[in-house]
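A look at the structure
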Amino acid sequence: MTHARAHPNIALVKYWGKQTKPGNLPATPNLSITLDSLATDTVVTAHHQDEVWLNQEQVTDQKILRFLAELRCEFELAPIRIETSNNFPTGAGLASSASGFAALICAINQHADLGLDADLMSDWARRGSASAARSLFGGYVALVPPLWRAQPIAPASHWPLKAVVAITNETRKSISSSEGMERSRLTSDFYTPWLRGSGDDFAAAFDAINNKDFSALAEIAELSCLKMHSVMLTSLPTLSYWNPATLACMDAVRNLRKQGTAVFFTIDAGPQVKAVCEPQDANRVSDVLTQVPGVIRTLTCGLGNAAHIVEP
Ligand code: 2P0
């Protein structure tokens, strides 16, 4: 039995759209922070057939089955039982597929003795779900060409920011990210400008992190998020992942900032709002977001570590 744990990550410069080549390659460079208190735990054991259990229920997960088939083109991998569980809502814009595929490749690597280092595990995780490439590493992480294997750019200790996650709906999204991205690529007039601007956005965020320049990072992260949602909203049919509480949280974050709190928001393919702030402001940000009508609860996370094996 092999047990691996990985943490979800949130992108500060977003990935939305794939290249048309094989390998599940993002169309834009992207950059994230790995979170600490949210986690996927995955246990892999030898079994007479492949089985996948998600949050204690047996499931047929086509993405995982395709991933196993792809691995078996390169490695000997006997049938396995995969038991995976998340300590946070699954498939609701909280990056459960990122932590999921990072934990899965980490567990399979050890279980089947594949001999992959973190770089190659990141390469494999990306094929499962591109954002998963980033969850192989802790702290601040970039996913960039030409290899599209994630690279740690700064440890959590470099700048230990916090993320307050405001949960506004715990149900699964109806349109997956993969499907949404493809729709955007094919139909949004904003897709090409989005691709063109992504290199500059990435460079600005990279510099802001190096220099620990909060207001520069806040500006670029909110802009990258809003550009991505503009692409989503202008896809046909439209992709609208927000609800009224999402918008109210965005306003609450802007108000906090006007009052002098260093905080910015980011939102992924779901209605949850992630407010990134300095550690001393996390309680205040959490108190304010908890009071926003429609917020079910908030979770406060620090920056987390890399995917790893949990020793028995
Ligand atoms: C990101 N998202 O950079 C962006 C922001 C959602 C919005 O990466 O198709 O589950 O499996 O590669 O990694 C979610 O997409 O998509 C995602 P696939 P993935 O975090």
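Scroll up a little and you will see the structure.
Residues numbered from 1 in each chain as written. Predicted model: local features only at pLDDT ≥ 70, side-chain atom pairs only at ≥ 80, totals over all residues. Heavy atoms only, no water.

**Concerning the packing of helix α7 (residues 244-258) against helix α8 (residues 282-290)**
Their axes nearest at 10 Å, the elements α7 and α8 cross at an angle of 140°. Between α7 and α8, the angle falls in the class oblique. For the pair α7 and α8, the crossing hand works out as right-handed. Packed against α7, whose contacting residues are Cys-249, Ala-252, Val-253 and Leu-256, the element α8 presents Arg-284, Val-285, Val-288 and Leu-289 at the interface. When grouped by side-chain class, the residues that make up the contact of α7 with α8 number seven nonpolar, no polar and one charged. (Axes fitted to C-alpha atoms, helices over the stretch in contact; angles between N-to-C directions. Helix = DSSP H or I, 4+ residues; strand = E, 2+ residues; numbered from the N terminus. Parallel < 35°, antiparallel > 145°, perpendicular 65-115°, else oblique. Left-handed = near helix turned anticlockwise from the far one by under 90°. Contact = heavy atoms within 4.5 Å. Nonpolar A, V, L, I, M, F, W, Y, C, P; charged D, E, K, R; others polar.)

**Remarks on the site of the ligand**
Close to the ligand lie 19 residues, the nearest being Lys-18, Lys-63, Ser-129, Ser-131 and Ser-178. Contacts to the ligand include Ser-178, whose side-chain N or O atom sits 2.5 Å from an oxygen atom. For the ligand, whose free accessible area comes to 470 Å², the fraction covered by protein is 94%. Broken down by element, the residue count for the shell around the ligand peaks at three residues, all from helix α4 (residues 177-187). (Near = heavy atom within 4 Å. Polar contact = N/O pair within 3.5 Å; in protein donor to acceptor, adjacent residues only side chain to side chain. Areas by Shrake-Rupley, 256 points an atom, 1.4 Å probe, with all protein chains shown as cover.)

**Topic: the nonpolar core**
Leu-71, Ile-82, Leu-104, Ile-105, Ile-108 and Leu-136 are the most contacted members of the largest nonpolar core, which totals 34 residues. Sorting the residues of this core by element identifies β1 (2-6), α1 (62-74), β7 (80-86), α2 (96-111), α3 (118-128) and β8 (140-143) as the ones contributing at least two each. If one sorts the elements of this core by residue count, α2 sits on top with eight residues. In this structure Leu-71 touches Leu-77, Ile-105, Ile-108, Leu-114 and Trp-124, once residues within four positions along its chain are discounted. Ranked by size, the runner-up nonpolar core spans 32 residues in total, among them Val-13, Ala-154, Ala-205 and Cys-301. (Core = buried A, V, L, I, M, F, W, Y, C linked by side-chain atoms within 4.5 Å. Buried < 20%, exposed > 50% of the residue type's maximum accessible area, 1.4 Å probe, protein only.)

**Some words on the state of the cysteines**
Should the sulfur atoms of two cysteines be covalently bonded, the bond is a disulfide. The tally for this structure, following the rule as stated, stands at zero disulfides. Cysteine Cys-249 remains unbridged, with the sulfur of Cys-225 as its closest cysteine sulfur at 12 Å. (Disulfide = S-S within 2.5 Å.)

**A look at the environment of Asp-113**
Turning to its location among the elements, Asp-113 is positioned in the loop between α2 and α3. Owing to a relative accessible area of 67%, Asp-113 belongs among the exposed residues under this scheme. Through-space distance from the C-alpha of Asp-113 to that of Leu-236 is 45 Å; in sequence the pair is 123 residues apart.

**Focus: the pattern of salt bridges**
With the rule as written, the count across this model stands at 14 salt bridges. In this structure, the salt-bridge partner of Arg-81 is Glu-83, at a minimum N-O distance of 3.8 Å. Assessed through its relative accessible area of 25%, Arg-81 is described here as partly exposed. Using a relative accessible area of 31% as the deciding quantity, one classes Glu-83 as partly exposed. The salt bridge involving Asp-123 is made with Arg-149; its shortest N-O contact spans 3.3 Å. Taken together, the residues span a long stretch of sequence, with Asp-123 in helix α3 and Arg-149 in the loop between β8 and β9 (150-154) at a distance of 26 residues. Residue Asp-123 is classed as buried on the basis of its relative accessible area of 8%. A cluster of three or more residues bridged by salt bridges with shared partners is formed by Glu-70, Asp-123, Arg-126, Arg-127 and Arg-149. (Salt bridge = Lys/Arg side-chain N within 4 Å of Asp/Glu carboxyl O.)

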